[in-house]
Amino acid sequence: MATPSVSWAQRPKLVFVTINVSDVVNPEITLDKEKLHFKGVGGPDKKAYEVSMKFFKEIDPDKSKYAVRPRCIEFALEKVEEGPYWDRLLDEKTKQHWLKVDFSKWKDEDSEDEGGDGDDLAQMMQSMGGMGGMGGMGGMGGMGGM
């Protein structure tokens, strides 16, 4: 089973995680306060991918959201404690070859008041919708026209 490429970025209250596997059908996603687990088949060669990430600090799974998109799976994970940026995404200090910083979503901790980005963030969160109880992930069906 291959490990997918994962990228991440953060804000004082949110952690963004993107699992870069395209065309995943019926992914298995488990999210709790300490970790995220993904398992699915996708990519051009329909390979099986799996990754488990134990977070540096706790997130709130009820307020967190995700969306399965054609090219990736995007997560907006709400931190339990708002405040200083995490030192890293994972509890483990060892560098993981599959994990990278997502500079397109990254914003330095001290540049929060530059504005402009808040609307994009709100729009992204809204487009993700709720997680709908994790079970069957209702509401993800309308992807027919792709």
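Quantities reported herein were computed from a predicted structural model and do not represent experimental measurements.

Quick notes on the rules
- Residues numbered from 1 in each chain as written.
- Predicted model: local features only at pLDDT ≥ 70, side-chain atom pairs only at ≥ 80, totals over all residues.
- Heavy atoms only, no water.
- Helix = DSSP H or I, 4+ residues; strand = E, 2+ residues; numbered from the N terminus.
- Buried < 20%, exposed > 50% of the residue type's maximum accessible area, 1.4 Å probe, protein only.
- Contact = heavy atoms within 4.5 Å.
- Areas by Shrake-Rupley, 256 points an atom, 1.4 Å probe, with all protein chains shown as cover.
- Pairing = 2+ DSSP bridges.
- Axes fitted to C-alpha atoms, helices over the stretch in contact; angles between N-to-C directions.
- Core = buried A, V, L, I, M, F, W, Y, C linked by side-chain atoms within 4.5 Å.
- Salt bridge = Lys/Arg side-chain N within 4 Å of Asp/Glu carboxyl O.

The next thing to look at is the overall build of the protein chain. Across its full length, the protein chain holds 1 helix and 8 strands. Counting only residues that meet the buried cut, the protein chain has 40% of its 146 residues in that class. When contacts within the protein chain are restricted to residue pairs at least 6 apart in sequence, long-range pairs at least 24 apart make up 63% of them. Surface exposure of the protein chain reaches about 8,400 Å², of which carbon and sulfur atoms provide 49%.

Judged by how many residues are buried, strand β7 (residues 73-79) sits mostly within the fold: 7 of 7 residues are covered. Where burial is concerned, the two faces of β7 agree: the one with Ile73, Phe75, Leu77 and Lys79 and the one with Glu74, Ala76 and Glu78 are both buried. With 6 bridges connecting them, strand β2 (residues 14-20) and β7 associate as antiparallel partners. The residue bridging Leu14 from the neighbouring strand is Glu78, located in β7. Direction of pairing for strand β6 (residues 59-68) relative to β7: antiparallel, over a ladder of 6 bridges. Its bridge partner lying in β7, Val68 is registered against Ile73. The turn linking β6 back onto β7 is made up of 4 residues.

Attention now moves to the sheet that holds β7. Taking strand neighbours across the sheet as the criterion, the 5 strands line up as β6-β7-β2-β1-β8 in an open arrangement whose pairing is mixed. Lying at the two open borders of the sheet, with one neighbouring strand each, are β6 and β8 (99-101). Each neighbouring strand pair of the sheet contributes to a mean axis angle of 20 degrees, computed without reference to strand direction.

It is worth spelling out the pairing of strand β5 (residues 47-54) at this point. Where strand β4 (residues 35-42) lies against β5, 8 bridges are found, and the strand directions are antiparallel. Paired with Gly42 across the two strands is Lys47, which belongs to β5. The turn joining β4 and β5, which pair antiparallel and follow one another in sequence, is formed by 4 residues; a positive phi near 80 degrees is taken by Gly43.

The biggest cluster of nonpolar side chains holds 26 residues, and the ones touching the most others in it are Ile19, Phe38, Met53 and Leu89. Mapped by element, the contributors of at least two residues to this core are β1 (5-10), β2, β3 (28-31), β4, β5, β6 and β7. Excluding residues that lie within four positions of it along the chain, Met53 makes contacts with Val6, Val17, Ile19, Glu34, Lys35, Leu36, Leu89, Leu90 and Trp98.

Strands sit in the order β3-β4-β5 across an open sheet of 3 strands; the sheet is antiparallel. Single-partner strands in this sheet number two, and they are β3 and β5. If you compare each strand with its neighbour and ignore which way they point, the axes differ by 5 degrees on average. Note that β3 and β4 share 4 bridges and pair antiparallel. By the bridge assignment for β4, Glu28 is matched with Lys39.

Okay, the pattern of salt bridges next. Using the criterion set out here, one finds 6 salt bridges in the structure. Measuring nitrogen to oxygen at the nearest pair gives 3.4 Å for the salt bridge that ties Glu74 to Lys105. Of this pair, Glu74 sits in strand β7 while Lys105 sits in the loop between β8 and α1 (117-128), placing them 31 residues apart in sequence. Lys105 matches Glu74 in its accessibility class, with the two residues each being buried. Beyond isolated ion pairs, a larger network of salt bridges with shared partners links Arg69, Glu74, Asp102 and Lys105.

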